[in-house]
Amino acid sequence: MITKVYKAFNDKIDKHEMEDAIAVIKNGGLVAFPTETVYGLGGDATNPEASKKIYAAKGRPSDNPLIVHIAHFSQLEDIVENVSSEARALAEAFWPGPLTMILKKNDKIPYETTGGLDTVAIRMPNHPIAIQFLKESDCMVAAPSANLSGRPSPTTAKHVYDDLDGKIDVILDGGAVEIGIESTIVDLSEEIPTILRPGYITLDEISRVVGPVKMDPGLVKEDENVRPKAPGMRYRHYAPRAELTIIEGEDKKVVVKINELIESATQKGQKVGVISTEENKDCYIGGEVISIGKKDDEDEIARQLYKVLRDFDDSNVDVIYSEGFDTSGIGGAIMNRLIKAAGHRIIEV
Ligand code: TXA
Ligand code: MG
């Protein structure tokens, strides 16, 4: 299959190219598209064959459900059993935007799309090209992140191309995304709204709209016997090719420790990468150092995270040492991704 890449100018895709992408999705094909969080790999959410193609292209286990992307609230009403007042209030507050809600599904969405579950994940993305595509196709689009399963999520069209060239029909290229980590997932199918995946919208922000909200106990790492409820959060994910270790603690001690690690890895003949904050980037001796952004600029760190991990894949380092990042605000979502990429290898100093 030849993968066509349609590039946007001023956030708009050429009319004929958009028409082609719409024809592809309506005929059960696959179209990758930008959202504000990461690129998605889209297929018609009501077409079981399209969902099967998504799993095949990504190499993703078919019990890991997809998120249904919509452009109108009425589409949510169309596919769920019952629209709770919480769902209305959260949509009012955060849609279009980086929030995914989980509700009980009706039979308009096939089990192929929900990985066999009776619930469905739904989100209204906030990106001009995604919105244009969803509105003009009048399609509900099932889309996981547009990466090969196990690789970091794509934040540019090139990342999508690197992973999926020859496996999907079309890539809509809208340049680099704005947020860089996936949406917050909130489960509304049970008594108390529960965060299944932290993201740009925080628990506190959600709680201000709907009252008490809890964090999925499976996400708290001290409790390794409880499995995360979102199937996708159970896998080792976002993985760079090199072995990644996070070094956490007081800033100066972290720098000293990473320098020791660089020295001993280099002596063993290993190629070393370092993920550094902007403030510390000149403190490291040896190794390939990439700055991920200033310490207090969480938005920038989120935007750069997956790109940095992919850049280290390209430069073929054997090991990566990363500073830990502040866990207030969206720092929690950033560290959640980084810890998974590291397979929980953390050194406290
Ligand atoms: O920001 C995002 O959410 C991006 C963009 C493209 O919208 N999409 C994304 O999709 O991150 P994906 O497939 O990579 O992650 C979806 C996550 C998985 O962890 C999956 O297990 C979980 O959502 N999920 C989907 N439906 C679910 C359901 N019914 N119950 C529990 N977890 C669900
Ligand atoms: Mg993903």
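Residues numbered from 1 in each chain as written. Chains lettered and ligands numbered in written order. Predicted model: local features only at pLDDT ≥ 70, side-chain atom pairs only at ≥ 80, totals over all residues. Heavy atoms only, no water.

## What about the domain arrangement of the protein chain?
Stage number 1. Examined at the domain level, the protein chain breaks down into domain 1 (4-232) and domain 2 (243-348).
Stage number 2. A separation of 28 Å is found between the C-alpha centroids of domain 1 and domain 2.
Stage number 3. Counting from both sides, the interface comprises 24 residues of domain 1 and, opposite them, 18 residues of domain 2.
Stage number 4. Taken together, the two surfaces of domain 1 and domain 2 that pack against each other cover about 1700 Å², and 54% of this comes from carbon and sulfur.
Stage number 5. At the boundary of domain 1 with domain 2, the tally comes to three salt bridges.
Stage number 6. Between Arg310 and Asp163 there is a salt bridge; the shortest N-O distance is 2.9 Å. (Domains from an automatic or database assignment. Contact = heavy atoms within 4.5 Å. Buried area = accessible area lost by both parts, 1.4 Å probe. Salt bridge = Lys/Arg side-chain N within 4 Å of Asp/Glu carboxyl O.)

## Focus: unusual backbone geometry
Stage number 1. Note that the residue after Trp95, namely Pro96, is joined by a cis bond; omega there is -10°.
Stage number 2. Note that Pro96 resides in the loop between helix H4 (85-94) and strand E5 (99-104).
Stage number 3. The backbone of Asn316 shows a phi angle near 55°, a positive value even though the residue is not glycine.
Stage number 4. Of note, Asn316 is situated in the loop between helix H9 (298-314) and strand E15 (319-323). (Helix = DSSP H or I, 4+ residues; strand = E, 2+ residues; numbered from the N terminus.)

## Observations regarding the environment of Ser322
Stage number 1. Mapped onto the fold, Ser322 is located in strand E15.
Stage number 2. If near-sequence neighbours (up to four positions away) are discounted, Ser322 is found in contact with Leu244, Thr245, Ile246, Ile247, Ile258, Ile275 and Leu338.

## Brief notes about the packing of H9 against helix H10 (residues 331-341)
Stage number 1. Between H9 and H10, the shortest axis-to-axis distance is 10 Å and the interhelical angle comes to 15°. With respect to each other, H9 and H10 are oriented roughly parallel. By crossing handedness, the relation of H9 to H10 is classed as left-handed. Here H9 contributes Glu298, Ile301, Ala302, Leu305, Tyr306 and Leu309 to the contact with H10, which in turn contributes Gly331, Ile334, Arg337, Leu338 and Ala341.
Stage number 2. Within the contact of H9 with H10, the residues separate by chemical class into eight nonpolar, one polar and two charged. (Axes fitted to C-alpha atoms, helices over the stretch in contact; angles between N-to-C directions. Parallel < 35°, antiparallel > 145°, perpendicular 65-115°, else oblique. Left-handed = near helix turned anticlockwise from the far one by under 90°. Nonpolar A, V, L, I, M, F, W, Y, C, P; charged D, E, K, R; others polar.)

## A word on the pairing of strand E12 (residues 243-248)
Consecutive side chains along a regular strand alternate between the two faces of the sheet.
Stage number 1. Of all the six residues making up E12, five are buried; the element is thus mostly covered by neighbouring parts of the structure.
Stage number 2. Pairing analysis gives five bridges linking E12 to E15, with the strands arranged parallel. Bridging from a neighbouring strand, Leu244 pairs with Ile320 of E15.
Stage number 3. Taken together, the three bridges between E12 and strand E16 (residues 346-348) define a ladder with parallel strand orientation. The residue of E16 that forms the bridge with Ile247 is Ile347. (Buried < 20%, exposed > 50% of the residue type's maximum accessible area, 1.4 Å probe, protein only. Pairing = 2+ DSSP bridges.)

## Here we look at the sheet that holds E15
Two orientations exist for strands paired in a sheet by backbone hydrogen bonds: parallel and antiparallel.
Stage number 1. Across the sheet, five strands lie side by side as E14-E13-E15-E12-E16; this open sheet has parallel pairing. Where the open sheet ends on each side, the last strands, each with one partner, are strand E14 (288-291) and E16. Adjacent strand axes in the sheet meet at a mean angle of 20°, parallel and antiparallel pairs treated alike.
Stage number 2. Where strand E13 (residues 272-276) and E14 come together, four bridges link them in parallel fashion. Bridge pairing links Gly273 to Glu288 in E14.
Stage number 3. Against the sheet, helix H8 (residues 251-267) engages E12, E13, E15 and E16, with an angle of about 175° to E15.
Stage number 4. Here H9 sits on the sheet in contact with E12, E13, E14 and E15, set at roughly 165° to E13.

## Remarks on the pattern of salt bridges
Stage number 1. By the definition in use, this model includes 21 salt bridges.
Stage number 2. Among the ionic pairs, Asp162 bridges to Lys158, the shortest N-O distance being 2.9 Å. Residue Asp162 and its partner Lys158 are located together in helix H6 (residues 157-164), separated by four residues, close to a single helical turn.
Stage number 3. Asp162 gets classed as partly exposed once you look at its relative accessible area, which sits at 42%.
Stage number 4. Salt-bridge contacts for Lys281 lead to Glu278; the nearest nitrogen and oxygen are separated by 2.7 Å.

## Focus on the nonpolar core
Stage number 1. Judged by nonpolar contacts, the single largest core of 43 residues is most densely connected at Leu90, Trp95, Leu99, Met101, Ile122, Ile168 and Ile206.
Stage number 2. Of all elements in the fold, only helix H2 (48-58), helix H3 (73-79), H4, E5, strand E6 (119-123), H6 and helix H7 (203-210) reach the threshold of two or more residues within this core.
Stage number 3. Looking at this core, the element that brings in the most residues is H4, giving four residues.
Stage number 4. Dropping the residues within four chain positions of it, Leu99 is found in contact with Leu90, Phe94, Ile122, Arg123, Ser183, Thr184, Val186, Ile201 and Ile206.
Stage number 5. Formed by 35 residues, the second largest nonpolar core is a distinct cluster that contains Ile181, Ile185, Ile275 and Leu305. (Core = buried A, V, L, I, M, F, W, Y, C linked by side-chain atoms within 4.5 Å.)

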